[in-house]
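Summary of the model geometry
For reference, the chains in residue letters:
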Amino acid sequence: MTIKTLIRVISVAIISLVATAVALFTTVQRDPRHRIVQEPAAIASHEVALILGASVKRDGTPSDALFDRVMTGIDLYKEGKVSKLLMTGDDGKFHTNEIQAMKKIALEHGVPEEDILTDGHGYRTYESCKRAVAVFHITDAVIITQNFHLPRAMYLCTQLGMQNIQGLSADRRHYRQIVFFSFRDAFASIKAWIDINVFPPDPPVKEGK
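Residues numbered from 1 in each chain as written. Predicted model: local features only at pLDDT ≥ 70, side-chain atom pairs only at ≥ 80, totals over all residues. Heavy atoms only, no water.

Moving on, we get to the packing of aromatic side chains. As enumerated under the stated definition, the model contains 3 aromatic pairs in all. Look at Phe183 and Phe187: their rings are 5.2 Å apart centre to centre, the planes differ by 70 degrees, and that puts the pair in the edge-to-face class. Taken together, the residues span about one helical turn, with Phe183 and Phe187 both in helix α6 (residues 178–197) at a distance of 4 residues. Phe187 matches Phe183 in its accessibility class, with the two residues each being exposed. An aromatic cluster is built from Phe148, Phe180 and Phe181, whose rings are joined through pairwise contacts. (Phe/Tyr/Trp six-rings, centres within 6.5 Å; stacked < 30°, edge-to-face > 60°. Helix = DSSP H or I, 4+ residues; strand = E, 2+ residues; numbered from the N terminus. Buried < 20%, exposed > 50% of the residue type's maximum accessible area, 1.4 Å probe, protein only.)

Time to look at the pairing of strand β3 (residues 82–88). Across the 7 residues that make up β3, a large majority, 5, are buried. Where strand β2 (residues 46–52) meets β3, 6 bridges bridge the pair, whose relative direction is parallel. The residue bridging His46 from the neighbouring strand is Val82, located in β3. With helix α2 (residues 64–78) bridging β2 and the parallel β3, this β-α-β connection has right-handed handedness. Crossover handedness for the path β3 to helix α3 (residues 98–108) to strand β4 (residues 116–119): right-handed. (Pairing = 2+ DSSP bridges. Right-handed = clockwise from strand over helix to strand, strands pointing away.)

Moving on, we get to unusual backbone geometry. We note that His137 has phi near 60 degrees; this positive angle belongs to a residue other than glycine. Relative accessible area serves as the criterion here: at 62%, His137 is assigned to the exposed category.

The structure is reproduced here in structure tokens:
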């Protein structure tokens, strides 16, 4: 094989790889968008608000993104749009204890403890969606997270068995690392398609560990 032919083969392979990646990203990002809203007023009544976890600071307080997700869920609860809040995230066995921080906010803002459900094994969005269906038997929910994350979360939850869902933006301010988060989520979207259609992933922490 000549150098010219080799370069041509490599070029075609790269173009094909990029085209495939773009197609997978587009599928994940495009499919759920018609069910995503920006304002609570546009949300219909649902059984549960599924509040997805996010990072917690070293002192145990929530990051801005996590605080805004929980507050958005609380607003929906107080408006009577949902009857329960399901907080799903890390229980501290993978990174930091997101669940503790999330529940504390809800209790401090008057949500009764009996209306707060928690899942400490939602280590990633895939596990959060899968367990919401398989463990909590939820198929009717509002998915709450930031705009950059919503399409992927909606895609995963739909593919994993949720039937009647809407997505609600938790963007309540400008986030310092939003460019990084959006860039990272582009690759995570491609992985989400692979997780659903090719290689279902194992959770990073086994139950009971």
